[in-house]
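# Fold and contact review
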Amino acid sequence: AQSVTQLDSHVSVSEGTPVLLRCNYSSSYSPSLFWYVQHPNKGLQLLLKYTSAATLVKGINGFEAEFKKSETSFHLTKPSAHMSDAAEYFCVVSDHQEAAGNKLTFGGGTRVLVKP
Amino acid sequence: DGGITQSPKYLFRKEGQNVTLSCEQNLNHDAMYWYRQDPGQGLRLIYYSQIVNDFQKGDIAEGYSVSREKKESFPLTVTSAQKNPTAFYLCASSPGVAGGPIAKNIQYFGAGTRLSVL
């Protein structure tokens, strides 16, 4: 079984300061990990993915995430927040079992507020 | 323009009524998914389909039904048995096994349908 825990339901940052969104996962198999972003009343957009290549993954819009197997973590960071980063962010895990039908398990989400 | 189209954007259901949410994709993806999103709960899987004419229940299938008669279409019906249907519904697709070991897991999402009860 797989699960995802996003440690903060809300994060508030000032524009131009770093952003850190924390995610811990559990998986019985070698997982794929993703971060998605959702702006209000919109669908989800893929920010980045980890698939057992490099442990530091770079995504779109200046985001990156580091896979740490020993800590079962996949935290998302950005060095300098922009107002447009205000959104909800989801950490997602998928194992590689064929029988699972490529099912994704979503964290509860972290809502990011960016203050001017 | 390749992508996933959900319609309508907003939908209202009366008591005892079945309603159908549309999801169409032109990405030539094998797999399609329906999720329900409630505030503060992330996304929960309702149904998924890995291939035409086949689909499986997800974690919260009760009160919902689907069909997959065409590769590009995966409509979701919210039946009168679903007692709490108010939510944001998201459709997604992925290449599936045909996409290879890395791409198969990546899901692409539509813009969603917000369903409310009158």
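Higher on the page you've got the structure.
These lines cover the structure that appears in this document, whether it is placed above or below. (Residues numbered from 1 in each chain as written. Chains lettered and ligands numbered in written order. Predicted model: local features only at pLDDT ≥ 70, side-chain atom pairs only at ≥ 80, totals over all residues. Heavy atoms only, no water.)

Looking only at helices and strands, one finds 1 helix and 11 strands in chain B. Each helix and strand of chain B, ordered N terminal to C terminal, gives the series β-β-β-β-β-β-β-β-β-α-β-β. Computed over its C-alpha atoms, the radius of gyration of chain B comes to 14 Å, within 12% of the 13 Å expected for a compact globule of 118 residues. Seen through its principal axes, chain B has C-alpha atoms that stretch 45 × 25 × 25 Å. If you take every contact in chain B between residues at least 6 apart in sequence, the share linking residues at least 24 apart comes to 54%. Of the roughly 5,500 Å² that chain B leaves accessible, carbon and sulfur atoms contribute 50%. The averaged location of the 10 negative side-chain charges in chain B is 5 Å from the averaged location of its 12 positive side-chain charges. (Helix = DSSP H or I, 4+ residues; strand = E, 2+ residues; numbered from the N terminus. Rg over C-alpha atoms; globule rule 2.2 N^0.38 Å. Contact = heavy atoms within 4.5 Å. Areas by Shrake-Rupley, 256 points an atom, 1.4 Å probe, with all protein chains shown as cover. Lys, Arg positive; Asp, Glu negative; His and termini not counted. Charge placed at Lys NZ, Arg CZ, Asp CG, Glu CD.)

Next up on the list: the sheet that holds strand β1 (residues 4-7) of chain B. Residues and elements named next belong to chain B. Read across the open sheet, the 4 strands follow the order β1-β3-β8-β7; overall the sheet is antiparallel. Of all the strands in the sheet, the pair left with one neighbour each is β1 and β7 (64-66). The mean angle between the axes of side-by-side strands here comes to 20 degrees, regardless of whether they run parallel or antiparallel. (Pairing = 2+ DSSP bridges. Axes fitted to C-alpha atoms, helices over the stretch in contact; angles between N-to-C directions.)

If you look at the interface, chain A gives 25 residues, while chain B gives 27 residues. Around 2,000 Å² of area is buried between chain A and chain B when both sides are counted, 51% of it from carbon and sulfur atoms. Between the two partners, chain A and chain B, sit 0 salt bridges. Our count for the contact surface shared by chain A and chain B stands at 3 residue pairs in polar contact (both at pLDDT 80 or more). Those elements that place two or more of their residues in the side of chain A that touches chain B are β5 (32-38), β6 (44-50) and β10 (87-94) of chain A. Sort the elements by how many residues they give to the side of chain A that touches chain B and β5 of chain A lands first, with 4 residues. Along the lines of polarity and charge, the residues of the side of chain A that touches chain B split into 9 nonpolar, 11 polar and 5 charged. (Buried area = accessible area lost by both parts, 1.4 Å probe. Salt bridge = Lys/Arg side-chain N within 4 Å of Asp/Glu carboxyl O. Polar contact = N/O pair within 3.5 Å; in protein donor to acceptor, adjacent residues only side chain to side chain. Nonpolar A, V, L, I, M, F, W, Y, C, P; charged D, E, K, R; others polar.)

Here the focus is the pattern of salt bridges. All names here are of chain B. Using the criterion set out here, one finds 7 salt bridges over all chains in the structure. Between Arg36 and Asp38 there is a salt bridge, and its shortest N-O distance comes to 2.8 Å. The class for Arg36 is buried, based on a relative accessible area of 5%. Each of Arg36, Asp38 and Arg44 takes part in salt bridges that share partners, so that together they form one network. (Buried < 20%, exposed > 50% of the residue type's maximum accessible area, 1.4 Å probe, protein only.)

The nonpolar side chains of a soluble globular protein tend to be buried with one another. Membership of the largest hydrophobic core comes to 26 residues, with the highest contact counts inside it found for Leu21, Trp35, Leu47, Leu48, Phe74, Leu76 and Tyr89 of chain A. Among the elements that line this core, the one with the most residues is β10 of chain A, at 4 residues. In terms of nonpolar packing, the next biggest core, distinct from the first, is built from 19 residues, Leu11, Val19, Ala61 and Phe74 of chain B among them. (Core = buried A, V, L, I, M, F, W, Y, C linked by side-chain atoms within 4.5 Å.)

All names here are of chain B. Structurally, the position occupied by Thr113 is in strand β11 (residues 113-117). Using a relative accessible area of 0% as the deciding quantity, one classes Thr113 as buried. A distance of 2.6 Å separates a polar atom in the side chain of Thr113 from the backbone oxygen of Pro8.

Now for the state of the cysteines. One pass over the full model with this rule turns up 2 disulfides over all chains. Disulfide pairing is shown between Cys23 of chain A and Cys91 of chain A; the S-S distance is 2.0 Å. The chirality of the disulfide connecting Cys23 of chain A with Cys91 of chain A is left-handed, given an S-S dihedral of about -70 degrees. Of this pair, Cys23 of chain A sits in strand β4 (residues 23-26) while Cys91 of chain A is found in strand β10, placing the two residues 68 residues apart along the sequence. The disulfide partner of Cys23 of chain B is Cys91 of chain B, and the gap between their sulfur atoms is 1.9 Å. (Disulfide = S-S within 2.5 Å.)

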